[in-house]
Amino acid sequence: QVQLVESGGGLVQAGGSLRLSCVTSGRTFSNYGMGWFRQAPGKEREFVAGITWGVSGTSYADSVKGRFTISRDNAKNTVYLQMNSLKPEDTAVYYCAAPQSRRIRIGVNIEDYDYWGQGTQVTVSS
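Draft legend 1. Geometry of the overall build of the chain. Broken down by element type, the chain carries zero helices and 11 strands. For the chain, the α and β elements follow one another from N to C terminus as β-β-β-β-β-β-β-β-β-β-β. Relative to its length of 126 residues, the chain is compact, with a C-alpha radius of gyration of 13 Å against a globular reference of 14 Å. Contacts in the chain between residues far apart in sequence, at least 24 positions, make up 59% of those at least 6 positions apart. Looking at the chain as shown, the accessible area adds up to about 6400 Å², and 46% of this sits on carbon and sulfur atoms. Between the averaged position of the 13 positive side-chain charges in the chain and that of its 10 negative side-chain charges there is a distance of 7 Å.

Draft legend 2. Molecular detail of the sheet that holds strand β7 (residues 68-73). Within the open sheet, the four strands sit side by side as β1-β3-β8-β7. Their pairing is antiparallel. For this open sheet the edge positions go to β1 (3-7) and β7, each flanked by a neighbour on one side alone. Averaged over all pairs of adjacent strands, the angle between strand axes in this sheet comes to 15°, irrespective of strand direction. In this sheet, strand β8 (residues 78-83) lies alongside strand β3 (residues 18-25) in antiparallel orientation, the contact comprising six bridges.

Draft legend 3. Region of the structure containing unusual backbone geometry. Positive phi, close to 55°, is recorded for N77, a residue that is not glycine. In this structure, N77 sits in the loop between β7 and β8. Taking the relative accessible area as the measure of exposure, N77 reaches 29% and is therefore partly exposed. The phi dihedral of S85 falls on the positive side, at around 50°, and the residue is not glycine.

Draft legend 4. The arrangement of the state of the cysteines in detail. On inspection of all chains with the given rule, the structure shows one disulfide. Note that C22 is cross-linked by a disulfide to C96, the S-S spacing being 1.9 Å. Taking the sign of the torsion about the S-S bond as the criterion, the disulfide between C22 and C96, at about 45°, is right-handed. Taken together, the positions of C22 in strand β3 and C96 in strand β9 (residues 92-98) put the pair 74 residues apart, joining distant regions of the chain. This pair shows no difference in class: C22 is buried, exactly as C96 is.

Draft legend 5. Quick peek at the packing of aromatic side chains. Following the criterion strictly, the structure yields four aromatic pairs and no others. Pairing F37 with F47 gives two aromatic rings, centres 5.7 Å apart and planes at 75°, and the pair type is edge-to-face. A residue pair is termed long-range when its members are at least 10 positions apart, and F37 in strand β4 (residues 34-39) and F47 in strand β5 (residues 46-51) qualify at 10 residues. The buried category is assigned to F37, whose relative accessible area is 1%.

Draft legend 6. Broad picture of the nonpolar core. Grouped together as the largest cluster of nonpolar side chains are 32 residues, with contacts concentrated most on W36, L81, M83 and Y94. Of all elements in the fold, only β3, β4, β5, β7, β8, β9 and β11 (120-125) reach the threshold of two or more residues within this core. With five residues, β9 is the single largest residue contributor to this core. Those residues within four positions of M83 in sequence are excluded, and the remaining contacts are G16, S17, L18, L20, R67, F68, Y94 and V122.

Scoring rules and cut-offs
Residues numbered from 1 in each chain as written. Predicted model: local features only at pLDDT ≥ 70, side-chain atom pairs only at ≥ 80, totals over all residues. Heavy atoms only, no water. Helix = DSSP H or I, 4+ residues; strand = E, 2+ residues; numbered from the N terminus. Rg over C-alpha atoms; globule rule 2.2 N^0.38 Å. Contact = heavy atoms within 4.5 Å. Areas by Shrake-Rupley, 256 points an atom, 1.4 Å probe, with all protein chains shown as cover. Lys, Arg positive; Asp, Glu negative; His and termini not counted. Charge placed at Lys NZ, Arg CZ, Asp CG, Glu CD. Pairing = 2+ DSSP bridges. Axes fitted to C-alpha atoms, helices over the stretch in contact; angles between N-to-C directions. Buried < 20%, exposed > 50% of the residue type's maximum accessible area, 1.4 Å probe, protein only. Disulfide = S-S within 2.5 Å. Phe/Tyr/Trp six-rings, centres within 6.5 Å; stacked < 30°, edge-to-face > 60°. Core = buried A, V, L, I, M, F, W, Y, C linked by side-chain atoms within 4.5 Å.

Listed below in structure tokens is the structure:
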């Protein structure tokens, strides 16, 4: 059974930084791409960043390019999201996600992912 557990959320002032972590268990982590999504109150869940398996290519939503960095440590079965220059509009619950298939190298749609963490709250104050 694949499980994803996020951590690292919290309250931060605008301009600050946070690093989210997501530990995966239940299968060989290095064989699959991973993604981060977020959902703000009253809004739909949206793609934030994704990273491939193998040679780690990445993809970002336009709203976070240049501020957020996704990375992975296969030895620790962990994917990270480093968030810098945070803005109040980044406030949301952040979820990590994993696809069932290796054919999904970087999924940007919710439908690309089959496994989800419980989410971690990020709140950015102005």
